[in-house]
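What the coordinates show
For reference, the chains in residue letters:
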Amino acid sequence: MPAGMKPLEKFLKKQTTALTRAGGFVGGGADKASGGTGASRRRASLSRVVPFFRETSPESGQPREVFSPDSEDPPSWPSATGPGGLVTVPPSSSANGSSGSGSGSGSGDVRSPSLSSDEQSSEASLIAESGGGGGGGGGGGTPLPPDTPDNLTLALLDSAAGKRSGVCTETLLDDFMLTHPIFLAADRFQQVLLQQFGLETEGKEGDGGGREAEGERTEGGEAEGAMDGAERKQAVLNVAFRYLDTYRELLQEEGERSNSFPKELYLCAVQELSRYPELVEDVLKLQRWTEILHTPSDEEKESKKKQVRPLFRHFRRIDACLQPREAFRGSDEIFCRVYTPDHSYVTIRSRLSCRVGEILALVREKLQYSEDQPVLPGNLVLVAVTSAGEKAVFRPSDEAVFTTLGVNTHLFACEPTELDSLLPLPEEIHWTPGDSKLHDMSAEEVANQLVVFDWELFSCVHEVEFVCYVFHGEQSRWRPLNLELVLQRCSEVQHWVATEILQCQSLPKRVQLLRKFIKIAALCKQQQDLLSFLAVVLGLDNPAVSRLRLTWEGLPGKFRKQFQQFEGIADPSRNHKSYRDLITSLRPPLIPFTPLLLKDLTFLHESCKTFHGELVNFEKMHKVADMVRIIRRYRSSQLAMDTETSPSHLQTKAYVRQLQVIDNQNLLFDMSCKLEPKDT
C-alpha cells in the first residue's frame, strides 16, 4: 500500500477487501496470515488500521488508555452504587471534556472518544433520564448494574411490569433488544421468557405460593412488591412483542426455527386464558405474530423461484440492476461464476448463505458435465483471488462468502496443489485507455443516482447488523450481508473516481473530469450523502491521482479551493472532528460514512470488556445501543428526491449501479506514471 495513503483511507480499504473472514492470505505477506477465529481476525485488523485507539481525545490533553479485551484486570465500570442498586457514573465535565483524573481505565468513564462532544452530551442526558435517581452530583445512572444474562432478563421483566423504580423502561427495552445477541443467545432468551411465562402455574388458586418465591429475588434487597401471575405474564408478552418487532425480518428469514417460539408461547397463553381473561388482547396479538412469521414465507419462496436476484457487481443483469434494491437474506438465490485455474468458469445457482462445502459440490457437479474437464477434479478448495493476486482460502464450513468479496475479487475452485498457479483474470491486470462515459453525463444526474442508490443500500441494512458485524463476525447468528455490501459500495466509488481519471489520456479531458468529480462531491454533500461524498474525495486523494501535477494545475482556483475544504472534512485528525461537526449539524434523512460508524463501535467494543467473570457489563451495552439509536435517527424519515427523468436517465442509472473500476493500487499507480512520468 502506498505510503501516502491516509489513515481513514487505509481503514476503508481494509474494511472493504472483506477477506478477513477467510482462513488467511496465501502469499500475501506475513501480516495477513493471522490465525484465530474470523471474528478475532476482524477485530485485530481493525486495531491495526485504526491508529486512533490510543490517540489524544479532541477535548482533553491526556491520552486515553484503552482496555485490552484479553486483559485480566477488572473492567472500567463505575464503582459507585446509588440508591436502588443502580451503578452511577461520575459527573462528567461537559464544558472542557475532561475524562477525569488518573488513567482512563480507572476513572469509570467509558464514553468513547470516537463520539463527538455533542453525541456524548446527548448520551449523558439519556443516561440521566433513564437512571433517574441513580446517583448524586449530576451523573446519570446506568439502566442496570452488572449481572448475569439470565438475571438481566428477569430485571427486564421487572421493569416491563413497572416493578423497578428509577429505570426508563423504554430505554432499557431498547438497550436489551439491540444488544442481547452479544451476551445472550436468542434460543436461551426465548427459553427464559417461556419459563417465566409458565412460572406461576398456581396463580390465583395457590394463595400466592409462587409469589413468595418471586419476592425472594428483589434488586439490592429492596422490598418491592413481587409480580402476581397476570403481571408476570403481561410483562413476558410485552417483552416478547418487542423482541418479535425488532427482529421481524431476521426471524422471518429463519422460518420454522424462529416461528416455534411465538407458537409455543401462544399455546401456553391460550391455556391460561380461563384463569387470566385480561390477557385475551395479547393472545390475539400473539396469534397475529405467528401468522406474520409463517405466512409470508410461502409467498416469498414462490417469488424467489421466479427471479434469481443479482448480487451487486458480480452478476451482470442490467434489467435487475435498474430495480430498487431490497434487503438480501440468506435464503435468496443468486448466480455466481466460479473460475478454474485456466480461467474457464462454471455458473452456479446458490443460496446467499450457502456453505463453502455446498458451493464446491455444485461446482464439481457442473464440471462433471463439462467438455473442457475430461478428468474430474479430486479434492477441491474454494479460493478468493483479488486483482492484486492475493489469495484467501475458505474453510468448507464458511458461510455467506459472496458478500465478503472485494470489488474485483473472484472465486476460484482448484486442487490444493494448484494454489500457486492461480492468477487474476486478464481483464483485472491489463487496462485499455479510452474516453469516459462520464463526459456525456451531467454531474447533477450522476450525483442524484449515487444518492438514490446509496439510500437504497443503507436502508436495507438492519440495525442489528452493525452490532453483529463488530461483536460476532462470522460467528453471528444473523450475518451482516447488507452492511458488507454498503462497505463494498464505498470502496467501489472510491476506486471508480481514480479509474475514470487515470484511463483518460487527454490532459484537458482529465481536468474536466476533475471538475466534474468535485461538483459531484459537492452535490452529494448538499443532499446529505456523506458516504459517496467522502468516497469521491478519498478517490481524488488517491496517491495515483494526487500526483498528477499537470492535471491539478489546470484546475480553476475556485475548484481547488472547494476541494481543499472537502479534504478538511475528510481529515482524520482530532478523531475526525471536521466530519463529526458536519454530521451533527445535519438533520435526517442522511447517509453517514459507514466505515467510521464501525470504527466507533469497534473502539467501544475493544476499549472495555463485555464480561467480567459471569457478569455482563450492561453499561457497555447501553453505549452500544446509543450508537445504534444514532444510526436509527439518520433513517428516521424517508429520502425525497426531486429527480426529473431525462432521455438518458436509465443509461445514467445503469452506469452508476454497475461501475467498472480498477482496484489494484499498483496498477493505478503505473497508469498514473504513464500519464505524467515522474520527471515531468
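Whatever comes next refers back to the structure up there.
Here is what the cut-offs are and how they apply
Residues numbered from 1 in each chain as written. Predicted model: local features only at pLDDT ≥ 70, side-chain atom pairs only at ≥ 80, totals over all residues. Heavy atoms only, no water. Core = buried A, V, L, I, M, F, W, Y, C linked by side-chain atoms within 4.5 Å. Buried < 20%, exposed > 50% of the residue type's maximum accessible area, 1.4 Å probe, protein only. Helix = DSSP H or I, 4+ residues; strand = E, 2+ residues; numbered from the N terminus. Contact = heavy atoms within 4.5 Å. Salt bridge = Lys/Arg side-chain N within 4 Å of Asp/Glu carboxyl O. Phe/Tyr/Trp six-rings, centres within 6.5 Å; stacked < 30°, edge-to-face > 60°. Lys NZ or Arg CZ within 6 Å of the ring centre and 35° of its normal. Axes fitted to C-alpha atoms, helices over the stretch in contact; angles between N-to-C directions. Parallel < 35°, antiparallel > 145°, perpendicular 65-115°, else oblique. Left-handed = near helix turned anticlockwise from the far one by under 90°. Nonpolar A, V, L, I, M, F, W, Y, C, P; charged D, E, K, R; others polar. Polar contact = N/O pair within 3.5 Å; in protein donor to acceptor, adjacent residues only side chain to side chain.

The next point concerns the nonpolar core. As a rule of thumb, soluble globular proteins bury nonpolar side chains together. Counting 132 residues, the largest nonpolar core has Tyr 243, Trp 496 and Leu 540 as the members making the most contacts within it. The biggest single contributor to this core is helix α17 (residues 481-502), with ten residues. Every residue in contact with Leu 540, bar those within four places of it in the chain, is listed here: Val 497, Ile 501, Leu 514, Phe 517, Ile 518, Val 545, Ser 546, Trp 552 and Phe 563. Val 338, Leu 352, Ile 359 and Phe 402 belong to the second-largest nonpolar core, a separate cluster that totals 25 residues.

Another point: the pattern of salt bridges. Scanning the model with the defined rule gives 24 salt bridges in all. Between Arg 629 and Asp 175 there is a salt bridge, and its shortest N-O distance comes to 2.7 Å. A residue pair is termed long-range when its members are at least 10 positions apart, and Arg 629 in helix α25 (residues 618-634) and Asp 175 in helix α5 (residues 169-183) qualify at 454 residues. Judged by relative accessible area, which is 0%, Asp 175 ranks as buried. For Arg 657, the salt bridge goes to Glu 456, with nearest N and O atoms at 3.0 Å. Taken together, the residues Arg 657 in helix α26 (residues 649-657) and Glu 456 in helix α15 (residues 443-460) connect sequence positions 201 residues apart.

So, on to the packing of aromatic side chains. All told, the structure shown has 14 aromatic pairs when counted by the stated rule. Chaining the aromatic ring pairs together yields one cluster made of Phe 176, Phe 183, Phe 189, Tyr 243, Tyr 247, Phe 261, Trp 478 and Phe 618. For Arg 547, the ring lying beneath its charged end belongs to Phe 669, and the centroid distance is 5.9 Å. The lysine or arginine in question, Arg 635, covers the ring of Phe 458, its NZ or CZ lying 5.0 Å from the ring centre.

Interaxial distance between α5 and helix α8 (residues 229-246) falls to 10 Å at its minimum, and their mutual angle equals 50 degrees. Looking at the two axes, α5 sits oblique to α8. For the element pair α5 and α8, the recorded crossing hand is right-handed. Residues Glu 170, Leu 173, Asp 174, Met 177 and His 180 of α5 pack against Val 239, Arg 242, Tyr 243 and Thr 246 of α8. Of the residues in the contact of α5 with α8, the class split is four nonpolar, two polar and three charged.

On to the side chain of His 649. Of note, His 649 is situated in helix α26. Polar contacts involving the side chain of His 649 include one to the side chain of Gln 449, which spans 3.4 Å. His 649 has contacts with Glu 445 and Gln 449, leaving out every residue within four places of it along the chain.

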